[in-house]
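# Reading the structure
The chain contents come next:
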Amino acid sequence: MSASAVFILDVKGKPLISRNYKGDVAMSKIEHFMPLLVQREEEGTLAPLLSHGQVHFLWIKHSNLYLVATTSKNANASLVYSFLYKTIEVFCEYFKELEEESIRDNFVIVYELLDELMDFGFPQTTDSKILQEYITQQSNKLETGKSRVPPTVTNAVSWRSEGIKYKKNEVFIDVIESVNLLVNANGSVLLSEIVGTIKLKVFLSGMPELRLGLNDRVLFELTGLSGSKNKSVELEDVKFHQCVRLSRFDNDRTISFIPPDGDFELMSYRLSTQVKPLIWIESVIEKFSHSRVEIMVKAKGQFKKQSVANGVEISVPVPSDADSPRFKTSVGSAKYVPERNVVIWSIKSFPGGKEYLMRAHFGLPSVEKEEVEGRPPIGVKFEIPYFTVSGIQVRYMKIIEKSGYQALPWVRYITQSGDYQLRTS
């Protein structure tokens with residue numbers, strides 16, 4: 001079972017708009033939601049699912065709005081939450097910003113969208129590109145004659161319209177990997193994982209069939225390609241866009257699909273592998289009596305010399321009562337951000353194998369306060385183009401279309417920081 005009704009509430013819990021899909025839960029029951037939420041918040045037992053009698057509230061918060069689904073049955077909670085997040089995504093596509101004002105200004109479109117997104121409590125058409133074909137933001141003009149349902153809604157391929165034409169047929173493939181890393185004060189890696197996504201930008205005519213080949217270890221073992229010469233990666237937690245033929249992937253690991261038009265995320269994956277820290281940070285903190293503190297930070301690029309990290313930001317925590325900052329850097333610039341109690345050292349371009357230094361001097365009225373506070377970890381942000389830390393590669397992209405046109409696939413690799421933290425002693 002799924003949702004009985006969906007409500008959009010303001011920050012005080014007042015309903016802005018609602019849609020009753022099944023009629024088996026009284027709409028007045030929503031009045032119990034906000035008092036229940038406040039009570040649970042005060043008790044410290046707030047949960048994403050709240051219950052009042054036989055009615056269950058499944059809710060999420062976005063900016064100054066609450067999206068709440070009600071049900072009295074044993075609903076599929078993950079389906080309902082996925083629907084609520086997808087609803088936010090669709091509204092953001094339509095209104096750019098989703099907040100109370102955008103709901104009030106677009107009541108008619110919101111009602112139309114709620115009608116199309118869900119039917120009798122079950123998610124229906126949730127692709128914003130398809131919805132935009134027949135729910136537009138222009139004023140509706142009365143037209144005589146039969147109403148036309150876009151064929152995309154009833155097609156087997158509901159994510160792509162027919163009759164798309166381009167003068168130049170191209171596919172742009174972005175392989176983006178985020179490195180999550182946590183290093184303790186002794187220099188030991190406590191957490192290390194790679195979260196990857198493959199994003200496509202498709203400009204192809206007609207109804208093309210695409211086949212993507214990766215250096216997937218399971219595929220290499222199935223086809224007998226595994227060996228010392230062929231580097232492969234073992235992908236975990238693989239998630240695909242709905243366009244991918246899952247049965248084909250399960251059988252022979254072929255990623256075969258008819259793509260949506262424009263931008264979309266084809267797949268995501270994770271690798272729990274020991275990653276050597278790409279940017280290594282060492283820090284020394286010296287305190288002088290009760291008057292000042294000096295911080296020395298050394299950053300080293302531990303990736304290939306031919307690669308360059310762009311937009312590097314190193315956030316170094318400082319005591320909350322520090323003042324009178326002075327900095328000296330061998331490269332880049334440093335600035336004190338007092339509201340976050342950090343020094344941000346910015347380096348525009350950081351080549352692999354290089355080492356850089358930053359020194360910071362602060363006045364310190366009281367050193368004792370630091371002991372109570374503890375010291376947060378150093379955070380690092382960066383982006384390394386033309387490089388993947390896992391070694392994943394796009395081996396081929398085959399594009400097959402009945403008209404037989406030639407199309408160009410372009411591939412770009414990017415490694416960036418995810419949750420990248422190094423603790424200091």
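Residues numbered from 1 in each chain as written. Predicted model: local features only at pLDDT ≥ 70, side-chain atom pairs only at ≥ 80, totals over all residues. Heavy atoms only, no water.

Under the annotation held in an unreviewed UniProt entry, the protein chain carries the name AP-1 complex subunit mu-2 and is attributed to Gorilla gorilla gorilla. Annotation of the protein chain in UniProt includes, under Subunit (unreviewed entry), the sentence "Adaptor protein complex 1 (AP-1) is a heterotetramer composed of two large adaptins (gamma-type subunit AP1G1 and beta-type subunit AP1B1), a medium adaptin (mu-type subunit AP1M1 or AP1M2) and a small adaptin (sigma-type subunit AP1S1 or AP1S2 or AP1S3). Interacts with P2X4." In its Function (unreviewed entry) section, the UniProt record describing the protein chain reads: "Subunit of clathrin-associated adaptor protein complex 1 that plays a role in protein sorting in the trans-Golgi network (TGN) and endosomes. The AP complexes mediate the recruitment of clathrin to membranes and the recognition of sorting signals within the cytosolic tails of transmembrane cargo molecules." (UniProt positions renumbered as here; feature names shortened; annotations may be inferred.)

Attention shifts here to the nonpolar core. Taken as a class, soluble globular proteins show a tendency for nonpolar side chains to be buried jointly. The biggest cluster of nonpolar side chains holds 70 residues, and the ones touching the most others in it are Ile198, Leu200, Leu212, Ile255, Phe257, Leu266 and Ile314. Here this core takes six residues from strand β8 (residues 170-183), the largest share from any one element. When residues no more than four places from it in sequence are discounted, the contact partners of Leu212 are Ile173, Ile198, Ile255, Phe257, Leu266, Val394, Tyr396 and Met397. Formed by 30 residues, the second largest nonpolar core is a distinct cluster that contains Leu65, Ala69, Val90 and Ile135. (Core = buried A, V, L, I, M, F, W, Y, C linked by side-chain atoms within 4.5 Å. Buried < 20%, exposed > 50% of the residue type's maximum accessible area, 1.4 Å probe, protein only. Helix = DSSP H or I, 4+ residues; strand = E, 2+ residues; numbered from the N terminus. Contact = heavy atoms within 4.5 Å.)

With that settled, the discussion passes to helix α1 (residues 33-43). Note on helix geometry: an α-helix contains 3.6 residues per turn, so any two residues three or four positions apart are oriented the same way. Buried within α1 are the following residues: Phe33, Met34, Leu36 and Leu37. Buried residues along α1 cover an arc of 160 degrees about the axis, so they all sit on one side. Opposite the buried face of α1, at more than 90 degrees from it, the exposed residues are Pro35 and Glu42. With its phi angle positive at about 75 degrees, Gly44 sits one or two positions after the end of α1. (Arc of directions from axis to C-beta.)

Of all six residues that make up strand β10 (residues 209-214), five are buried, and the element is covered over most of its length. Inspection of the sheet shows β10 paired to strand β22 (residues 394-400) by six bridges, in the antiparallel sense. Pairing of Leu210 across the sheet is with Ile399, part of β22. Here three bridges tie β10 to strand β12 (residues 255-257), and the two strands are oriented antiparallel to one another. By the bridge assignment for β12, Arg211 is matched with Ser256. (Pairing = 2+ DSSP bridges.)

In this structure, the largest pocket spans a volume of roughly 740 Å³. Looking at the largest pocket, it is lined by 23 residues, and the ones nearest its centre are Lys86, Glu89, Thr126, Asp127 and His241. Of all the secondary structure elements, the ones that give two or more residues to the lining of the largest pocket are α2 (77-95), α5 (128-134) and β13 (262-271). Among the elements that make up the lining of the largest pocket, the one with the highest residue count is α2 (seven residues). Partitioned by chemical class, the residues of the lining of the largest pocket number eight nonpolar, eight polar and seven charged. No fewer than three residues from each of domain 1 (5-132) and domain 2 (170-275 + 389-422) sit in the lining of the largest pocket. (1 Å grid on protein atoms, 1.4 Å probe; cavity = no way out; pocket = protein on both sides within 12 Å on 5 of 7 lines; lining within 4 Å. Points joined across faces, edges and corners; volume = space filled by probe spheres on them. Nonpolar A, V, L, I, M, F, W, Y, C, P; charged D, E, K, R; others polar. Domains from an automatic or database assignment.)

Counted under the stated rule, the structure contains 16 salt bridges. With a closest N to O distance of 3.0 Å, Lys86 and Glu89 form a salt bridge. Taken together, the residues Lys86 and Glu89, both in helix α2 and three residues apart, mark about one turn of the helix. Of the charged contacts, one joins Glu234 and Arg217 as a salt bridge, the two residues approaching to 3.5 Å between their closest N and O atoms. Here Glu234 is found in the loop between α7 (217-223) and β11 (236-240), whereas its partner Arg217 is found in helix α7, with 17 residues between them in sequence. On the accessibility criterion, Glu234 (45% relative accessible area) is partly exposed. In the salt-bridge network here, residues are joined through shared partners; they are Glu193, Glu236, Asp237 and Arg270. (Salt bridge = Lys/Arg side-chain N within 4 Å of Asp/Glu carboxyl O.)

Let us now look at the pairing of strand β2 (residues 15-20). Every other side chain in a regular strand lies on the same face of the sheet, so the side chains alternate between the two faces. As defined by bridge partners, strand β1 (residues 5-9) adjoins β2 across five bridges and the pair is classed as antiparallel. Residue pairing for β2: Phe7 is matched across the bridge by Ser18. A loop of five residues connects β1 with β2, the two strands running antiparallel in sequence, and Gly13 in this loop sits at a positive phi of about 90 degrees.

A separate point is empty space enclosed by the protein. Under the criterion given, the structure shown has two cavities of 30 Å³ or more. Roughly 50 Å³ of internal volume is contained in the largest cavity. Lining of the largest cavity is provided by Leu212, Gly213, Leu214, Asp216, Leu219, Leu235, Phe249, Arg253 and Ile255. The dominant element in the lining of the largest cavity, judged by the number of residues it contributes, is β10, at three residues. Residues belonging to the lining of the largest cavity are distributed by class as follows: six nonpolar, one polar and two charged. Lining the second largest cavity, in full, are Ser283, Ile285, Ile295, Val316, Pro317, Arg375, Ile378 and Thr424. Those elements that place two or more of their residues in the lining of the second largest cavity are β14 (279-288) and β16 (308-317). When grouped by side-chain class, the residues that make up the lining of the second largest cavity number five nonpolar, two polar and one charged.

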